[in-house]
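Inside the fold
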Amino acid sequence: VAVGSLQAFSTFSDVVQGVSTIILGVVLATTIHFLLKPVSKDLAGAAVYIFLSGALQPATDVMFAWFHSDGKAHGNCATHCPPGNEDCGWASERHYPCISPEYYSAMRATARLFGLAGIVLYNAYLSDWSYRNVFVLGHCVTFGANLLDFVWVSRWNISLGIDDRAFLLGLDVVQPVVSKIANMPSYVLAAKVCPAGVEATLFALLMGLSNFGSTIGLYNGVFLLSAFGGVEQPEFRHLPAFVLMRTVFYLAPVALVFIFVPRGRPSDAIEEEDVASKEIELTPVADAAAV
C-alpha cells in the first residue's frame, strides 16, 4: 500500500520515488526475515530471496512501445500520412520493427508452448542440482537471453540479415524456456521449506512475495527509465543503453543466492531443526475459546 500510494499520489521526482521504493523494499525484506526466522531459518532466507530476486530486476513495457504496430490506418507504422499529422508514421520513418498485433499475439501463444519445454528440461536435467547451482545458472542464462533484446534494439539483427519477425520468433522460443528454468527452482524451494501443518498458507505467502517483488521491479524499471532519460517515443534515444543496464541487473540476484538460499537439493530430505520450529499446530478457534 505504501509503495502504491507513493507512486500514485506523490509529487516528488521520479528519482526520489525510486529511491523511496528501494528503501521500502529493503525494510520489507528485513521485516520478512525477522518474522519468519523464529519459524525456520531456511524459510526466512527463501522468503527474502524470492522477494528480492524479483524486486532487483527492473521491468517496463518500453520494448513493446518500440517494436509494436498499433494497427491503425494512420498509426505509428503507417506509410501514407495526411499532412501535419505528427502521430502518423513515426515508427516506419525510423525503421522500427513495426510488429503487427496479429503476429505478436501468435508469437505469445507460441511462447506459452515453449514454456512447457522449459519445465520438461528442468525436470529432466536440473531437478537434482543443488538449489544454489540451479539458481545461479537460471540468472546467468536469463542474462544471456535478455542480451538478445540489446541485439535487437541496436539493430544488429538487420546487419546480420535477420528479419525482425524472425528475430522475434527466436526471442519467443528462447526466453520462455529460460524463464521456466529460472522460475521452477523458486516453486520447488517454496514448497520444500514450508513447515508441516501450514503448507498452503506459507506457500501462498511465498508466492505473494514473489508477485510483489515483481511489482517492485516494475517500479524500479520506471525509476531506471527516468535515470536514463529520453527513452520515449518517437526517438527512444537511450533505449540500447537502458536495455543493456536492465539486462545487467538480471545478474544482481546471484549475490543473494549464497546469502539466503539454503544448501541442498530438492531431492534431499528435510532436516528437522527442532520440533517446535518445523511443526506448527493450529488450534481451532472453538478449542481456543474453551481454554
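Residues numbered from 1 in each chain as written. Predicted model: local features only at pLDDT ≥ 70, side-chain atom pairs only at ≥ 80, totals over all residues. Heavy atoms only, no water.

Here we take up the overall build of the protein. When helices and strands are tallied, the protein shows 14 helices and zero strands. Of the regular secondary structure in the protein, the N- to C-terminal order runs α-α-α-α-α-α-α-α-α-α-α-α-α-α. For the protein, the residues scored as buried account for 40% of the 291 residues in total. A separation of at least 24 residues holds for 71% of the contacts in the protein among residues at least 6 apart in sequence. For the protein, the accessible area works out to roughly 15,600 Å², and carbon and sulfur atoms hold 63% of it. (Helix = DSSP H or I, 4+ residues; strand = E, 2+ residues; numbered from the N terminus. Buried < 20%, exposed > 50% of the residue type's maximum accessible area, 1.4 Å probe, protein only. Contact = heavy atoms within 4.5 Å. Areas by Shrake-Rupley, 256 points an atom, 1.4 Å probe, with all protein chains shown as cover.)

Now for a nonpolar patch on the surface. A cluster of nonpolar residues, Leu-244, Met-245, Val-248 and Phe-249, forms a patch on the protein surface that exposes about 290 Å² of accessible area. Structurally, Met-245 can be placed in helix 11 (residues 239-248). (Patch = residues over 30% accessible without salt bridge, like charges linked within 9 Å, V, L, I, M, F, W, Y side chains within 5 Å. Salt bridge = Lys/Arg side-chain N within 4 Å of Asp/Glu carboxyl O.)

The subject of this paragraph is the environment of Thr-79. Positionally, Thr-79 belongs in the loop between helix 4 (62-67) and helix 5 (90-93). For the pair formed by Thr-79 and Trp-90, sequence separation is eleven residues and the distance between their alpha carbons is 9.2 Å. There is a polar contact of 3.1 Å between the side chain of Thr-79 and the side chain of His-80. (Polar contact = N/O pair within 3.5 Å; in protein donor to acceptor, adjacent residues only side chain to side chain.)

So, on to the side chain of His-139. Of note, His-139 is situated in helix 7 (residues 131-153). Taking the relative accessible area as the measure of exposure, His-139 reaches 8% and is therefore buried. Not counting residues within four places of it along the chain, the set of residues in contact with His-139 comprises Tyr-49, Ser-53, Gln-57, Tyr-250, Leu-251, Pro-253, Val-254 and Val-257.

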